[in-house]
Amino acid sequence: MYEPSQLRTFLAVAQTLSFTQAARRLGLRQSTVSQHVRRLEEATGRPLFVRDTHGVELTEDGEAMLGFARTILEAHERAAAFFTGTRLRGRLRFGASEDFVTTRLPEILEAFRREHPEVDLELTVELSGTLQSRLEAGRLDLILAKRRGGEEGDGGGELVWQDVLVWIGSPRLRLDPDRPVPLIVFPPPGITRARALEALQAQGRPWRIACTSSSLSANVAAARAGLGVMAHTRGLLPPGLVELPARAGLPELGAVDFVLRKGRRRGATQDAADALATAILAGGDRLHRPR
């Protein structure tokens, strides 16, 4: 009843909320993406997306289809692997930004290890800039990390989803407009740090560093204590913190992309990296939903 190719297209649109981005990810024409979605909607007899000039959103039935699509595709891939007799082996060094610790990425990794028990999966959690450097140096095989929104270019990675950066802090925090903005930041080369400083400088707003840590948990704790504000992805808002209202007068921070990038190794390592990348893309919507 439901074609795997149509389900993959549905998941790509659901995760990127863009027919254009989904077409780019899948290597399809945008008209083909629209056709796949239309045929899937005909098969279900329900609209799965609401589309207008402002963007794309999932309907309630579309939200329900997310789980069904993942289950069907996972079963399809298990059956294909069983009957072709292919078993992945080798060592896979995977790096992820700490942003994903509180999402359902661990569930995706657990399922991958269960499906591919002969792959030695090594996980590194670091700042996105550090992960990029290690990948380029050949010390990682696959990374899931942030990049500035819209920076595609060579080696820019495969888009999992796009979000916006916002200012967050304690619900009780009140900024004094006559004093420098107290910032909670990652050390260089943190992407959110760089974007926050650039935006404040462009606005001409004075600032001071109230807390610096390479640990997201430490920065969140500092923000909960009311030490300052931090730039963070809206879709991954930590519990106990809120987005600052526009009346705080802080500048907009722009978009951020979450992307997968693969290293240069080939053979068994590349096959394992491809399989994990496929699993992450299939479950991409779970990466910006809390556990």
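Here the structure is a predicted model, which means the values were calculated and not measured.

Enquirer: In this structure, what is going on with the pairing of strand β3 (residues 90-97)? I would like to understand it.
Expert: In regular strands, side chains alternate between the two faces of the sheet. Where burial is concerned, most of β3 is hidden: six out of the eight residues are buried. The sheet contact formed by β3 and strand β5 (residues 142-148) spans three bridges and is parallel. Pairing of phenylalanine 94 across the sheet is with leucine 142, part of β5.

Enquirer: Quick question: what am I supposed to make of the nonpolar core here?
Expert: The nonpolar side chains of a soluble globular protein tend to be buried, and buried together. Formed by 40 residues in total, the largest nonpolar core has its most connected members in Phe94, Leu105, Leu144, Trp167 and Leu287. Take this core: its biggest share by element is six residues, from helix α9 (residues 268-282). Once residues within four sequence positions are removed from consideration, tryptophan 167 is found in contact with Leu183, Ala196, Leu200, Val229, Met230, Ala231, Val242, Glu243, Leu244, Leu250, Pro251 and Leu253. Judged by nonpolar contacts, the second largest core, of 20 residues, contains Phe10, Ala12, Ala22 and Met65.

Enquirer: Just checking my understanding: could you explain the packing of aromatic side chains for this structure?
Expert: Aromatic rings in a pair are described by how distant their centres are and how their planes are angled relative to each other. Taken as a whole and assessed by the stated rule, the structure comprises five aromatic pairs. Within the aromatic cluster, the residues linked to one another by ring pairs are Phe10, Phe19 and Phe49.

Enquirer: Help me out: how do you make sense of the environment of glycine 284 in this one?
Expert: Structurally, the position occupied by glycine 284 is in the segment after α9. Remark: the alpha-carbon pair of glycine 284 and proline 171, spanning 113 residues in sequence, is separated by 29 Å.

Enquirer: Whenever I open this one, the side chain of serine 128 confuses me. Can you help?
Expert: Of note, serine 128 is situated in helix α6 (residues 128-136). In contact with serine 128, not counting residues within four places along its chain, are Ser97, Ala145, Lys146 and Ile191.

Enquirer: Could you clarify how one ought to interpret the pairing of strand β6 (residues 158-169) in this entry?
Expert: The buried fraction of β6 amounts to nine of the 12 residues, a majority that puts the element mostly inside the structure. Inspection of the sheet shows β6 paired to strand β11 (residues 255-262) by six bridges, in the antiparallel sense. Counted as the bridge partner of aspartate 163 is valine 256 from β11. Note that β6 and strand β9 (residues 230-233) share four bridges and pair antiparallel. From the neighbouring strand, leucine 165 faces β9, where its bridge partner is threonine 233. Pairing between β6 and strand β10 (residues 242-243): two bridges, direction antiparallel.

Enquirer: Would you take a moment to explain the environment of methionine 230 for this structure?
Expert: With respect to the helices, strands and loops of the structure, methionine 230 is situated in strand β9. For methionine 230, a relative accessible area of 1% puts it in the buried group. Residues methionine 230 and valine 220, 10 residues apart in the sequence, show an inter-C-alpha distance of 8.5 Å.

Enquirer: Help me understand helix α1 (residues 4-16) in this model?
Expert: At 3.6 residues per turn, the α-helix brings residues three or four places apart onto the same side. Taking 1.5 Å of rise per residue, 13 residues should cover 18 Å, and α1 covers 18 Å from first to last C-alpha, within 8% of that figure. Among the 13 residues of α1, 11 are classified as buried, and the element is accordingly described as predominantly covered. Leucine 17, located one to two residues past α1, shows a positive phi value of around 50°.

Enquirer: Where do I start with a nonpolar patch on the surface in this structure?
Expert: On the surface, Val101, Leu123 and Val125 cluster together into a nonpolar patch covering about 240 Å² of accessible area. Positionally, valine 125 belongs in strand β4 (residues 119-126).

The rules behind each value
Residues numbered from 1 in each chain as written. Predicted model: local features only at pLDDT ≥ 70, side-chain atom pairs only at ≥ 80, totals over all residues. Heavy atoms only, no water. Buried < 20%, exposed > 50% of the residue type's maximum accessible area, 1.4 Å probe, protein only. Helix = DSSP H or I, 4+ residues; strand = E, 2+ residues; numbered from the N terminus. Pairing = 2+ DSSP bridges. Core = buried A, V, L, I, M, F, W, Y, C linked by side-chain atoms within 4.5 Å. Contact = heavy atoms within 4.5 Å. Phe/Tyr/Trp six-rings, centres within 6.5 Å; stacked < 30°, edge-to-face > 60°. Expected span 1.5 Å × (residues − 1). Patch = residues over 30% accessible without salt bridge, like charges linked within 9 Å, V, L, I, M, F, W, Y side chains within 5 Å. Areas by Shrake-Rupley, 256 points an atom, 1.4 Å probe, with all protein chains shown as cover. Salt bridge = Lys/Arg side-chain N within 4 Å of Asp/Glu carboxyl O.

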